[in-house]
Amino acid sequence: FYTSCAGGLNIFYEKELQRTNATGHHVKIHVHDFLSGHTGILIQENRQNADKWLARILIAAREHGFDFLLSNIQGGEMHNAIPHDAVAEVVLKDAVADFTAFVKQYHNGLVEENKLIETNIPKIEVTTEGDLQPFSKEDTNTLLNLIEAIPHGVFCMSPAIQGMVNTSQSLSVLKIENNKVLI
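All of these numbers come straight from a predicted model, not from anything done at the bench.

(A) Looking closely at the nonpolar core. Of all hydrophobic cores here, the largest spans 40 residues; its most connected members are Leu58 and Phe99. Broken down by secondary-structure element, the contributors of at least two residues to this core are strand S2 (25-32), helix H2 (50-63), strand S4 (68-75), strand S6 (86-92), helix H3 (96-113), strand S7 (123-127) and helix H4 (137-149). Per element, the largest residue contribution to this core is nine residues, and it comes from H2. Look past the residues within four positions of Phe99 in its chain and what remains in contact with it is Val27, Ile29, Leu58, Ala61, Phe66, Phe68, Val90 and Leu92.

Here it is, written out as structure tokens:
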């Protein structure tokens, strides 16, 4: 009989974001249907984090040359759960059809890459909707880079008990409230 604790430490990050005046096409990207689960029980299964998945797609789009500003991003609801869905809204200068095709193709590549773990097959929806003023280019890039940099997964397994996680971390809740990102 073994017992352990899935408790730990919560770290909160918040930063005031600056909105800017920008015109363009409002595009909403929603990734959903990830397996998710309790971070204290299932983190060692390498289930994907919807927040980080969405940031990865947006960073790839940025690196591919799409010019956009983030106007909203959110995902995850509970501090002890792997996020099962995430939503971002961007203001895109042009090439909406190309952007949509790119993010869907990139998402499908991630699905293929993770098909042995994410057996539920995560979905993506891209729509032209939204009306929020976007954040500055600097805040857009800083926020996406931060989401990408925050670790998700197992750091260390127990040396004494085979198969038991000793140390792990998950980005569990991501939201924007009153022009402030809360992680």
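From this point, the narrative continues.
(B) Geometry of the sheet that holds strand S10 (residues 175-177). Taken together, the three strands give an open sheet; going across it, the order is S1-S11-S10, and neighbouring strands pair in antiparallel fashion. Unpaired on one side and paired on the other, strand S1 (14-16) and S10 mark the two borders of the sheet. Each strand of the sheet is rotated relative to its neighbour by a mean of 25°, with strand direction disregarded. Here S1 runs beside strand S11 (residues 180-182); their pairing, made up of three bridges, is antiparallel. Directly across from Glu14, in S11, lies its bridge partner Leu182.

(C) Geometry of the sheet that holds S2. The strand order across the open sheet built from four strands is S4-S6-S2-S7, with neighbouring strands paired in antiparallel fashion. Lying at the two open borders of the sheet, with one neighbouring strand each, are S4 and S7. With strand direction ignored, the average angle separating the axes of adjacent strands in the sheet is 15°. Most of the contacts of H3 go to S7, to which it runs at about 175°, and overall it touches S2, S4, S6 and S7.

(D) Structural detail: the side chain of Glu118. Looking at the element boundaries, Glu118 is found in the loop between H3 and S7. Within the structure, the side chain of Glu118 is placed 2.8 Å from the backbone nitrogen of Gln48, a separation counted as a polar contact. Every residue in contact with Glu118, bar those within four places of it in the chain, is listed here: Phe34, Leu35, Arg47 and Gln48.

(E) Geometry of the packing of aromatic side chains. A full pass over the atoms with the stated rule returns five aromatic pairs. With 5.6 Å between their ring centres and 50° between their planes, Phe66 and Phe102 make a pair best called tilted. Of the two residues, Phe66 sits in the loop between H2 and S4 while Phe102 sits in helix H3, which places them 36 residues apart along the sequence. Looking at Phe66, the relative accessible area reads 14%, which means it is buried. For Phe102, a relative accessible area of 14% corresponds to the buried category.

Procedures and definitions
- Residues numbered from 1 in each chain as written.
- Predicted model: local features only at pLDDT ≥ 70, side-chain atom pairs only at ≥ 80, totals over all residues.
- Heavy atoms only, no water.
- Core = buried A, V, L, I, M, F, W, Y, C linked by side-chain atoms within 4.5 Å.
- Buried < 20%, exposed > 50% of the residue type's maximum accessible area, 1.4 Å probe, protein only.
- Helix = DSSP H or I, 4+ residues; strand = E, 2+ residues; numbered from the N terminus.
- Contact = heavy atoms within 4.5 Å.
- Pairing = 2+ DSSP bridges.
- Axes fitted to C-alpha atoms, helices over the stretch in contact; angles between N-to-C directions.
- Polar contact = N/O pair within 3.5 Å; in protein donor to acceptor, adjacent residues only side chain to side chain.
- Phe/Tyr/Trp six-rings, centres within 6.5 Å; stacked < 30°, edge-to-face > 60°.

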